[in-house]
Amino acid sequence: MNWLKRIRPAGPAAENTERSNAVPEGLWKKCPKCEHHMRIGARRRLDIFLDDGGRTEVAEEVVAIDRLKFRDVKKYKDRLSDAQKKTGEKDALVAMSGTVKGIPVVAVAFEFAFHGGSMGYAVGEKFTRAAKLALAENKPLICFSATGGARMQEALISLIQMAKTSAILERLKASGVPYVSVMTDPVYGGVSASLAMLGDLNVAEPGARAGFAGPNIIEQTIRQKLPKGFQRSEFLLDKGQIDMIVARHEMRDRLASILSKFTHLPEPADA
């Protein structure tokens, strides 16, 4: 018996509990009763944000590499294969070049159903290539984050991606290329400590959770009760950690209007 089997409880909690991308038609925006923003997949996210025509996928060929031959109760390469079959994605990030209401952009979105949207080599490399394309073509970069953080199966290779993505974002900043970070639910760990909080504009959906460690871990560490709504987007806005909260059904119009000002392009007409 290996170490993980000894510390992980048996039963339903030990099984795969990642949410499906399937959301009933008409409910991708929010719950009609409580307005809770349901999780959606990366491609669906880009579908509802980008214009219909003229999209090109970026760095589609990049895949994870099991350099460490990592194994817990299951081989990492088998976990990758299972996640690829389940989601239809090669890894946890999808990147596309396209337009938003006629404004040229490069947009990336995390696929939370793929290993909890964790960032390993493939995610960091795809993000970096998308950012380099935005830099080369002077297009704004938009990132929709939904992640549990760095991918433990890749150890330091995963943590290196924090520095790698931060470095390319600094190059965008120095060149005056806008970067908009949109935090959905949840955004934690190494991603929150790097690319997710480095936007020229940091946006979040209502009720989205974002932070480095989760509230349960923090409470157990400091042995204190955290404030109500801690790490929710409304709390982060009040504390100045994000710039605005935008509901999903308003995201396309609001960001298009903001991007037009960043790029000195005409205000997009209503569509």
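Residues numbered from 1 in each chain as written. Predicted model: local features only at pLDDT ≥ 70, side-chain atom pairs only at ≥ 80, totals over all residues. Heavy atoms only, no water.

S.K.: Tell me about unusual backbone geometry, and please be specific about residues and values.
M.R.: With glycine set apart, most residues show a phi of negative sign, and most peptide bonds adopt trans. Here the amide bond leading from Asp185 into Pro186 is cis, since omega sits at -5°, within 30 degrees of zero. Of note, Pro186 is situated in strand β5 (residues 179-187). Its identity is not glycine, yet Lys69 carries a phi of approximately 50°, on the positive side. In this structure, Lys69 sits in the loop between β1 (56-57) and α3 (76-87). Judged by relative accessible area, Lys69 falls into the exposed class, the value being 68%. Phi is positive for Gln231, which is not a glycine, with a value near 75°. (Helix = DSSP H or I, 4+ residues; strand = E, 2+ residues; numbered from the N terminus. Buried < 20%, exposed > 50% of the residue type's maximum accessible area, 1.4 Å probe, protein only.)

S.K.: Summarise the nonpolar core; cite the residues concerned and give the values.
M.R.: By size, the foremost hydrophobic cluster in this structure holds 43 residues, and its most contacted members are Phe110, Phe127, Leu141, Leu172, Tyr179 and Leu195. Counting residues per element, the ones that place at least two in this core are α3, β2 (93-100), β3 (103-110), α4 (121-137), β4 (141-147), α5 (155-175), β5 and α8 (233-238). It is α4 that provides the largest number of residues to this core, a total of eight residues. With sequence-adjacent residues up to four places away left out, Leu172 is seen in contact with Ala131, Leu135, Leu141, Val177 and Tyr179. Formed by 24 residues, the second largest nonpolar core is a distinct cluster that contains Phe49, Ala107, Met251 and Ile258. (Core = buried A, V, L, I, M, F, W, Y, C linked by side-chain atoms within 4.5 Å. Contact = heavy atoms within 4.5 Å.)

S.K.: Tell me about the packing of aromatic side chains, residues and numbers included.
M.R.: Under the defined criterion, the tally for this structure stands at three aromatic pairs. Judged by centre distance (5.0 Å) and plane angle (75°), the rings of Phe49 and Phe144 are edge-to-face. A residue pair is termed long-range when its members are at least 10 positions apart, and Phe49 in helix α2 (residues 42-49) and Phe144 in strand β4 qualify at 95 residues. Taken individually, Phe49 and Phe144 each receive the classification buried, so the pair is uniform in this respect. (Phe/Tyr/Trp six-rings, centres within 6.5 Å; stacked < 30°, edge-to-face > 60°.)

S.K.: Describe in detail the packing of α4 against α5, supporting the description with residues and values.
M.R.: Axis separation between α4 and α5 bottoms out at 9 Å; the angle between their running directions is 10°. Between α4 and α5, the crossing angle belongs to the class labelled roughly parallel. In contact with Tyr121, Gly124, Glu125, Phe127, Thr128, Ala131, Lys132 and Leu135 of α4, α5 contributes Ile157, Gln161, Lys164, Thr165, Ile168, Leu169, Arg171, Leu172 and Ser175. When grouped by side-chain class, the residues that make up the contact of α4 with α5 number eight nonpolar, five polar and four charged. (Axes fitted to C-alpha atoms, helices over the stretch in contact; angles between N-to-C directions. Parallel < 35°, antiparallel > 145°, perpendicular 65-115°, else oblique. Nonpolar A, V, L, I, M, F, W, Y, C, P; charged D, E, K, R; others polar.)

S.K.: Run through empty space enclosed by the protein, naming residues and quoting values.
M.R.: In this structure the tally under the stated criterion is two cavities of 30 Å³ or more. Its boundaries defined by the atoms lining it, the largest cavity holds a volume of some 150 Å³. Together, 21 residues line the largest cavity, and Arg39, Arg45, Thr184, Asp185 and Arg248 are the ones closest to its centre. Taken together, the elements giving at least two residues each to the lining of the largest cavity come down to α2, β3, β4 and β5. A per-class count over the lining of the largest cavity returns 10 nonpolar, five polar and six charged. (1 Å grid on protein atoms, 1.4 Å probe; cavity = no way out; pocket = protein on both sides within 12 Å on 5 of 7 lines; lining within 4 Å. Points joined across faces, edges and corners; volume = space filled by probe spheres on them.)

S.K.: If you had to explain the sheet that holds β3 to someone new, which residues and values would you point to?
M.R.: Within the open sheet, the seven strands sit side by side as β1-β2-β3-β4-β5-β6-β7. Their pairing is mixed. The open sheet is flanked by β1 and β7 (244-245), the only strands paired with a single partner. (Pairing = 2+ DSSP bridges.)

S.K.: Requested: an account of the pattern of salt bridges, with residues and values cited.
M.R.: Taken as a whole and assessed by the stated rule, the structure comprises 22 salt bridges. Two residues, Glu125 and Arg129, come together in a salt bridge whose shortest N-O distance is 2.8 Å. Of this pair, Glu125 and Arg129 both sit in helix α4, four residues apart, which is roughly one turn of the helix. On the accessibility criterion, Glu125 (15% relative accessible area) is buried. In this structure, the salt-bridge partner of Arg209 is Asp185, at a minimum N-O distance of 2.9 Å. Here Asp185 lies in strand β5 and Arg209 lies in the loop between β6 (201-204) and α7 (215-222), a separation of 24 residues in the sequence. (Salt bridge = Lys/Arg side-chain N within 4 Å of Asp/Glu carboxyl O.)

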